[in-house]
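# Architecture and fold: a report
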Amino acid sequence: MSLSDPVPFVLLAAVLAAAISWIFSRPTNRRYAPGPPIRPLLGNILDMPAQGDMLAFARCREQYGDIFFFHGLGYKVLVINSMKAITDLFEKRHSIYSDRPAFTVVGELMRLGQSTPLLPYNDDWRIHRKLAHIALGPNAIKQYHHIQEDLAALLSQQFLEAPEKFIDHVRLAVARVVLSVTYGLRVDKADDEYVTHAEDTMRMISEATVPGAFLADIFPSLKHLPSWVPFKRHARHGREMIEHLVTTPFEYVKEQMQAGVAPPSLANHLLSEYDKGDIDHQIKWATGSLYGAGGETSYATTLTFMMAMALHPEKQRLAQEEIDRVIGTERLPTINDKSQLPYVNAAIKETMRWKPAVPMSLARMVSEDDVYEGYFIPKGTIVLPNSWAVAYEHHGPYDPREYVPERWLVGEGEDAPVDPAQWAFGFGRRLCPGKPLAENSIFIFISTLLSVFDISLPDEGELKPEFTMGLISYPLPFKCKITPRSASKVAQVSWRAAHCTI
Ligand code: HEM
């Protein structure tokens, strides 16, 4: 080994660091939560299921109970599987459970650590949340109702013109909501350069944020390797993609503001209110985070709903009958109709429960040593709240594996599962700031599609409910048949699409 060739040298240092960390992190007389047996050096970290492999997590739960612990190679991971434990830690002990793990490659080298979801629980994060709240709080989002209703009509218009491309149309519709609200940007095609770039970047981030995706996340000292090492080249490319994603639309808004032609938007509003030096950088990253965090999740939920409707025509008919009965057949739904449609709301809840879009939520990191239910949780432990386990707890008469909206229509005092509103958007201080906006988007897309179309199984081939594994879980590409319910509905959609104000 020579010092001019740093690779083996840094690897050796990394292995030594791991050995030291193993020696010092071996269980002492402290009681850790149950988990697989410990092997030298590696501990049991390799026994940990891949993110998104929910069946493997379910098997661990059967074996080890509601909380289990994996550790080794300097990593400590606690998985929590019950709503009670999640509430006890993330809500009641929020001051030490609101931090995020640091990702050496994606956070530091690709510089995504500046985005809201990855920021540590610090003052920068508080500024981001304040900025996001200005645009996305329950009152602020009322100003976007008409944009969301227009976009639901445009989505239906596209379904009429090219139903076979429904996946592209849904992707474009959710991107349009976030781009329009955040930057006042209008995009017309799903293959718009910005939309496709954002998707490529999100896919890259989703793969790179799986714990342990890079050796350098386990051995941070590897980040000092020279720039020609493959993962460093990958990181450089990732950094350029992310920088382009957050900078391009932001600079565009600034140019439009200078020219006096910027439409109303969150970026415009924040820049006019707070344009003072360093806050510019915070606004750029807070707004840039919204697209990344908001697009894919709403897309996954809307597509999952369409799949559920094609597989369960009897449930679809019940939802359509409710819409026809409550709002009539002479107009399209509006967001204000939401509280009048209990069956549609139950079908949306059931969609979020049946296939949660973010099944393991976003990882947290505990910032102080803690003890819970007699188990020691060391500082620095990554804590994974298993939302999927909460979704699949058995309550009431229905099998959790089945799609049954009726499980949500129970009377007071009867046994119902935990409402996805309590877990699908995360918990405590880091609860998703886009929740009210997303709930409205999902409601208006779904109720408009139900009002205008019948969604059914494809004429050819089978529809298997298959989903991606990873941070965000979406349906794998599938086919379904989309047919307008009446000529009057077609006319209503065409009229509204032609009179859109966005
Ligand atoms: C169906 C749609 C959505 C789902 C299921 C969803 C889910 C989540 C979840 C599980 C988290 C992690 C929270 C935690 O750590 O406890 C999160 C965080 C976040 N979401 Fe959403 N989200 C959705 C839509 C949106 C939208 C539309 C936006 C923005 C317009 C958004 C912006 C964010 C941001 C910025 C964070 C990071 C919050 C932080 O770390 O403080 N999300 N979301």
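A brief look at the structure comes next. (Residues numbered from 1 in each chain as written. Predicted model: local features only at pLDDT ≥ 70, side-chain atom pairs only at ≥ 80, totals over all residues. Heavy atoms only, no water.)

## A look at unusual backbone geometry
Working note: non-glycine residues mostly have negative phi, and peptide bonds are mostly trans. Positive phi outside glycine occurs at Ser361, with the angle close to 50 degrees. Here Ser361 lies in the loop between helix 15 (342–354) and strand 3 (364–365). A residue is classified by how much of its surface remains accessible, and Ser361, at 9% relative accessible area, is buried. For Glu373, which is not glycine, the phi dihedral falls at a positive 50 degrees. (Helix = DSSP H or I, 4+ residues; strand = E, 2+ residues; numbered from the N terminus. Buried < 20%, exposed > 50% of the residue type's maximum accessible area, 1.4 Å probe, protein only.)

## Observations concerning the packing of aromatic side chains
As enumerated under the stated definition, the model contains 13 aromatic pairs in all. Consider the rings of Tyr32 and Phe376, whose centres lie 5.8 Å apart with planes at 80 degrees: the pair is edge-to-face. Taken together, the residues span a long stretch of sequence, with Tyr32 in the loop between helix 1 (6–25) and helix 2 (54–64) and Phe376 in strand 5 (residues 375–377) at a distance of 344 residues. Exposure remark for Phe376: the relative accessible area of 10% places this residue in the buried category. When the centroid spacing of 5.6 Å and the interplanar angle of 75 degrees are considered together, the rings of Trp354 and Tyr403 count as edge-to-face. Of the two residues, Trp354 sits in helix 15 while Tyr403 sits in the loop between helix 16 (387–391) and helix 17 (435–452), which places them 49 residues apart along the sequence. The class of Trp354 is buried, set by a relative accessible area of 5%. Its relative accessible area of 2% is what places Tyr403 among the buried residues. Over the ring of Tyr392 we find Arg353, and its NZ or CZ is 5.4 Å from the ring centre. (Phe/Tyr/Trp six-rings, centres within 6.5 Å; stacked < 30°, edge-to-face > 60°. Lys NZ or Arg CZ within 6 Å of the ring centre and 35° of its normal.)

## A short note on the coordination of the iron atom of the ligand
For the iron atom of the ligand, the protein supplies a single donor, Cys432 (SG), at a distance of 2.3 Å. Mapped onto the elements of the fold, Cys432 is located in the loop between helix 16 and helix 17. (Donors = N, O, S within 2.8 Å, 3.2 Å for Na, K, Ca; no water.)

## A few points about the site of the ligand
Inspection of the region around the ligand gives 27 residues, with Arg100, Trp125, Arg129, Arg364 and Cys432 positioned closest. Interatomic distance of 3.5 Å between a backbone N/O atom of Thr116 and an oxygen atom of the ligand. A distance of 2.8 Å separates an oxygen atom of the ligand from a polar side-chain atom of Trp125. Of all elements in the fold, only helix 6 (123–136), helix 13 (279–311) and helix 17 reach the threshold of two or more residues within the shell around the ligand. Of all the elements, helix 13 adds the most residues to the shell around the ligand, at six residues. Looking at side-chain class alone, the shell around the ligand contains 15 nonpolar, eight polar and four charged residues. (Near = heavy atom within 4 Å. Polar contact = N/O pair within 3.5 Å; in protein donor to acceptor, adjacent residues only side chain to side chain. Nonpolar A, V, L, I, M, F, W, Y, C, P; charged D, E, K, R; others polar.)

Keep in mind these numbers describe shape, not what the thing actually does.
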